Structures are given as structure tokens and as C-alpha cells.
Amino acid sequence: MTNNIVIVGVGGQGTLLASKILGYIALENGYDVRVSEVHGMSQRGGSVVTYVRISDKEKLYSAIVEQEQADVVLAFESLEALRALPYLKKGGTMIVNTQELLPMPVIIGAAEYPADCLERVREKCSVIELDATEIAHRCGTYKAANVVLIGVLAKKLPFSYDQWMKAIEANVKPKFIDINKEAFKRGYEL
């Protein structure tokens, strides 16, 4: 079994922490894992793409997930979900935080944010939509939206709830562990 996961978002949303948690849990359970981070203009609020490949049998040689090869796309923002559609394979699932973050061209009036992002995504694939930002906010900080989304993704992977808790403990700063565990739990229960 090989799982190809593409994580997309905007700089500052925690895509890199999400990939770190995924890589950790896979390695801890004896899987071969490859993670590749494409930062783009992440420090300026630009797109961030991370590829995570997990295999229990075959040796992985590449960290890149090609177009139409992702089993799951984890989208931290609506427009990023639309942009990532080409990665998703037929029968794949898109997990989307319904938050909208305006890119710079929209902010300065040079472009318009597409009003139909999620409708266009729904037309093309199976979608799990949630307001992960609001769920995380209720846990104590909107910054834990990434871990809410990981909680939703967790049901599609072969790791136990306790293994996920261990991965969070190992990768999140100590003062934020409890909030992130609660955020994961809320996503997991959806």
C-alpha cells in the first residue's frame, strides 16, 4: 500500500507541521516515507505545497507526487484546493478547510477571488469540507486548523488514535500540545 498525499495552503497555515506529523507517524510505524516541501513565496502569504508519500511494502525513491497520483489532497484554503485539483487521482478525496485567504493580487485589486472555488472542486471529486479554522478557534487557537485537518485525514490512514497522539506530542511545542490534541480529536470525530 502506498499513500500519496498532497498538502496545500498558504504560508503560515502550518502545512509544514502537518507534513512533519505525517512523516513522523509513518516512520515510527516502520513505513517508508518521503516528504518534499515546496515553499514558494510562503513567507509572503504565497502558496505552499508539500508532498508526502507513505508505503508499507515498496521502497519509495521519489518524494514528488505527480499530477493525478494523489490519493488525498489536504487543502488548508479554498482557492488552494482548486489549484491542487490536478494532483488528485480518479477516486481520490479532497479534504478542504473552507477558509478563504485573499492572495496579494486580490488584496490590491488586480484580480478577483473566484466565488465558486468549492463548487468547482465538488464537480471534480469527492470532497470533505469543514471550517477547520473555526473548530481550532474553539479549541483555543485558530492556528491549530492544520491539526484539525490531520484529524480528518487520520481516518484514511492505518494508524491508531494513540499513535497520532504520540506524533503530536513529538512534533508540537510543549505549551501547545493540549490544544493540538483537542484539535486533532475534533477533526478525528467528524
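Here, every reference points to the structure presented above.
Description of the structure in this document. (Residues numbered from 1 in each chain as written. Predicted model: local features only at pLDDT ≥ 70, side-chain atom pairs only at ≥ 80, totals over all residues. Heavy atoms only, no water.)

### Concerning the layout of surface pockets
What the largest pocket holds in volume is close to 330 Å³. Among the residues making up the lining of the largest pocket, the classes are represented as 4 nonpolar, 7 polar and 2 charged. Put simply, the second largest pocket is a space of about 190 Å³. Lining the second largest pocket, in full, are Gln67, Glu68, Leu85, Pro86, Leu88, Lys89, Lys90, Gly91, Gly92, Lys124, Cys125 and Ser126. Broken down by class, the residue content of the lining of the second largest pocket amounts to 4 nonpolar, 4 polar and 4 charged. (1 Å grid on protein atoms, 1.4 Å probe; cavity = no way out; pocket = protein on both sides within 12 Å on 5 of 7 lines; lining within 4 Å. Points joined across faces, edges and corners; volume = space filled by probe spheres on them. Nonpolar A, V, L, I, M, F, W, Y, C, P; charged D, E, K, R; others polar.)

### Structural notes on the side chain of Thr93
Within the secondary structure layout, Thr93 lies in strand S5 (residues 88–97). Those residues within four positions of Thr93 in sequence are excluded, and the remaining contacts are Asp71, Val72, Val73, Leu88, Ser126, Ile128 and Lys156. (Helix = DSSP H or I, 4+ residues; strand = E, 2+ residues; numbered from the N terminus. Contact = heavy atoms within 4.5 Å.)

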